[in-house]
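Structural characterization, general
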Amino acid sequence: MENLHLEGSAKTPSIHFDAAAGKLELKGRSIPENSVEFYKPLNDWIDAYGKSPVAETAVDVKLEYFNTSSSKCILDLFKKLESISGHSTNVVINWYFEEDDEDMEEAGQDYQAIIGLKFNIIEVEEI
Amino acid sequence: MIKNDIYELYQTMERENILLSFKGVVTSDLLTSVLSIMESKMDYMDESPKTKKKVFNVLVECLQNLYHHIDDGAESVDRNIERIEAKSALFMIAKKEDQFVISTGNYIDRESGLELERRLVAINGMDKDELKHYYQEVLNNGSVSDKGTAGLGMIDIARKSGNKLEYQFLPVNDTSSFFCLNIKID
């Protein structure tokens, strides 16, 4: 299947979804006024990917900022990944946050509390 | 406006250490510009990355609240208030004694105001842990409107600012109020 690559913008993250490698990356900032429109193609891609995924799927979330409009969309994306995990792929979420950014660390924990996937919450110097 | 008024406004802004203020219709492009200006200003002021992130996050939520609110509330705000006035808002970003303060003001119809006030009272009654759980609950169970709002904005502002939300609803006439919000960020 086709990979999904989107350039980042002032209000949206860069997207690199690679089906053959089972690597999904969201990086940058996600602060659009209406996130639903931005996240729809991502969800559609995961639907298609879920039909023939590779054995290990790694999702790297490297967000500097995200707004509450995005937070719901990110949850829906994780729920979609949760629904494809365990059948023919094992999904792991790698949630990155910059050192001292407790808010972003807590945001990762918020998702971890809701979603039944393995979460690695990883501190890095710079995203 | 005569010269004295301009000077008075200047002095007020100087005294309050206002970094940026705007009154008018809040559009998506305006938000992009304001956020970019505030990022540069904070870089210039040599703020810690932690403070910059907090201020930026709270600012995004406050401004997007104005953007969405104005979109849906303006139609129902009293006809006596000129339509363009009902659609416009005020916001200010200041730095007072090491604390960033974000203030916003906008018209709201009385009924929506009462509902908002109930939510603000509930949020202000919660401690850090209660806010965390409330956020997770709304995140997981709430639905998203077609504008992409999820009812999480005020909870997120309270969580990230680390302070109680200061607010006031000023009655303008029988059907509308002016909603003032003041957020102090630690």
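How each quantity is defined
- Residues numbered from 1 in each chain as written.
- Chains lettered and ligands numbered in written order.
- Predicted model: local features only at pLDDT ≥ 70, side-chain atom pairs only at ≥ 80, totals over all residues.
- Heavy atoms only, no water.
- Helix = DSSP H or I, 4+ residues; strand = E, 2+ residues; numbered from the N terminus.
- Buried < 20%, exposed > 50% of the residue type's maximum accessible area, 1.4 Å probe, protein only.
- Contact = heavy atoms within 4.5 Å.
- Areas by Shrake-Rupley, 256 points an atom, 1.4 Å probe, with all protein chains shown as cover.
- Salt bridge = Lys/Arg side-chain N within 4 Å of Asp/Glu carboxyl O.
- Expected span 1.5 Å × (residues − 1).
- Arc of directions from axis to C-beta.
- pLDDT = per-residue confidence, 0-100.
- Pairing = 2+ DSSP bridges.
- Axes fitted to C-alpha atoms, helices over the stretch in contact; angles between N-to-C directions.

With that out of the way, let us pick up the overall build of chain B. On a plain count of helices and strands, chain B comes out with seven helices and five strands. In chain B, the succession of helices and strands from N to C terminus is α-β-α-α-α-β-β-α-α-α-β-β. Expressed as a percentage of its 186 residues, the buried residues of chain B come to 45%. Within chain B, contacts between residues at least 6 apart in sequence are counted, and of these 68% link residues at least 24 apart. Accessible area of chain B: about 10,100 Å², with a carbon and sulfur share of 50%.

Attention now goes to the pattern of salt bridges. Summed over all chains, the structure comprises 21 salt bridges over all chains. For Arg-29 of chain A, the salt bridge is made with Glu-39 of chain B, and the minimal N-O distance between the two is 2.9 Å. With one member in each of two chains, Arg-29 of chain A in strand E3 (residues 23–30) and Glu-39 of chain B in helix H2 (residues 28–44) form a pair that bridges those chains. Classification of Glu-39 of chain B by relative accessible area gives partly exposed; the value is 23%.

With that settled, the discussion passes to unusual backbone geometry. All names here are of chain B. The backbone of Asp-46 sits at a positive phi, close to 60°, despite the residue not being glycine. Its location among the elements puts Asp-46 in the loop between H2 and helix H3 (49–73). Positive phi, normally seen in glycine, also occurs at Asp-98, with a value near 70°. Structurally, Asp-98 can be placed in the loop between strand E2 (88–96) and strand E3 (99–109). Relative accessible area serves as the criterion here: at 70%, Asp-98 is assigned to the exposed category.

It is worth spelling out helix H7 (residues 153–161) of chain B at this point. Residues and elements named next belong to chain B. Buried residues dominate H7, accounting for nine of its nine residues. Those residues of H7 not exposed but buried are Gly-153, Met-154, Ile-155, Asp-156, Ile-157, Ala-158, Arg-159, Lys-160 and Ser-161. Backbone geometry just after H7 places Gly-162 at a positive phi near 75°.

Before going further, it helps to spend a moment on helix H5 (residues 110–124) of chain B. Residues and elements named next belong to chain B. The first and last C-alpha atoms of H5 sit 21 Å apart over 15 residues, in line with the 21 Å expected at 1.5 Å per residue. Every buried residue of H5 is accounted for by Gly-113, Leu-116, Leu-120, Ile-123 and Asn-124. Looking down the long axis of H5, one finds its buried residues gathered within 85° of arc, a one-sided arrangement. Among the exposed residues of H5, those pointing more than 90 degrees away from its buried face are Glu-111, Leu-114 and Arg-118. Its buried side turned inward, H5 meets E3, helix H6 (128–141), H7, strand E4 (166–171) and strand E5 (176–185).

What follows deals with the confidence of the model for chain B. Reading fine detail from the predicted coordinates is not recommended where pLDDT is low. Model confidence for chain B is summarised by a mean pLDDT of 88, while 86% of its residues fall at 70 or above. Predicted complex, confidence summary: ipTM 0.92, pTM 0.91.

All names here are of chain B. What the five strands build is an open sheet, ordered E1-E2-E3-E5-E4; its pairing is antiparallel. What marks the edges here is a single partner per strand, and that holds for strand E1 (18–25) and E4. Averaged over neighbouring strand pairs, the angle between their axes works out to 10° when direction is ignored. As paired strands, E3 and E5 are joined by 10 bridges and run antiparallel to one another. By the bridge assignment for E5, Tyr-107 is matched with Phe-178. Here H5 sits on the sheet and contacts E3, E4 and E5; the angle it forms with E4, its principal contact strand, is near 160°.

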